[in-house]
Amino acid sequence: MAFVNEKLTPEQQQEVNSWEISYPRCGMGKILKTDILVNPWYWTVDKERKIYLFGIYYLRDYFEERLFVFIWKNKQYLVQFRYRFEDGNTLVWDTPEHYACNNISFPYSTEEGFIDDLRSALIAYGEYGTPDEKINTKCNF
């Protein structure tokens, strides 16, 4: 099954809440605090393979840098990518220019298949990860 963007039902939100997904809030390259993902509205998911991508936040000073939680093979990864528009029509995800936290860096995992699945998830995610979004997307990594 391919990745799709879905609006979560209240039941799905409760399920995700039970996973207690934690992620750092970063500033100036340091972890300022750790938050728990609560009641997310959307996810990009491959349900058959149980792979999930959640958009978490963007950097205030570098709004084109976005952080995500990527759940792959039952492991949680904090990943960050920079986006831009190519020719005004195509969203392009690329490696970050300014990492939010000094302890995260591309490629995030060297396990076989990780980058391919992450790339597919980001392409499906598009700009906002909403189900009705129709945008050309590609990755430069």
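Coordinates for the structure precede this section.
Everything numeric in this text was worked out from a predicted model, so none of it was measured.

Peer 1: Whenever I open this one, the sheet that holds strand 8 (residues 90–94) confuses me. Can you help?
Peer 2: Pairing between the strands of a sheet is mediated by backbone hydrogen bonds and can be parallel or antiparallel. Pairing within the open sheet is mixed, and its 7 strands lie in the order 1-4-5-6-7-8-9. Looking at the sheet topology across the chains shown, the edges are occupied by strand 1 (4–7) and strand 9 (136–139). Each strand of the sheet is rotated relative to its neighbour by a mean of 35°, with strand direction disregarded. Sheet analysis places strand 1 next to strand 4 (residues 42–46), joined by 4 bridges and oriented antiparallel. By the bridge assignment for strand 4, Val4 is matched with Val45. With respect to the sheet, helix 2 (residues 114–125) is in contact with strand 1, strand 4, strand 5 (51–58), strand 6 (65–72), strand 7 (75–86), strand 8 and strand 9, its orientation differing from that of strand 6 by roughly 125°.

Peer 1: Hey, could you run me through the pairing of strand 9 in this one?
Peer 2: The side chains of a regular strand alternate between both faces of the sheet. Here strand 9 shows one buried face, formed by Thr137 and Cys139, and one open face, formed by Asn136 and Lys138. In the sheet, strand 8 pairs with strand 9 via 4 bridges, with the strands oriented parallel. For Val92, the partnering residue across the bridge sits in strand 9 and is Lys138. Handedness of the β-α-β unit built from strand 8, helix 2 and strand 9 comes out right-handed.

Parameters at a glance
- Residues numbered from 1 in each chain as written.
- Predicted model: local features only at pLDDT ≥ 70, side-chain atom pairs only at ≥ 80, totals over all residues.
- Heavy atoms only, no water.
- Pairing = 2+ DSSP bridges.
- Helix = DSSP H or I, 4+ residues; strand = E, 2+ residues; numbered from the N terminus.
- Axes fitted to C-alpha atoms, helices over the stretch in contact; angles between N-to-C directions.
- Contact = heavy atoms within 4.5 Å.
- Buried < 20%, exposed > 50% of the residue type's maximum accessible area, 1.4 Å probe, protein only.
- Right-handed = clockwise from strand over helix to strand, strands pointing away.

Worth remembering: the numbers are spatial, not functional.
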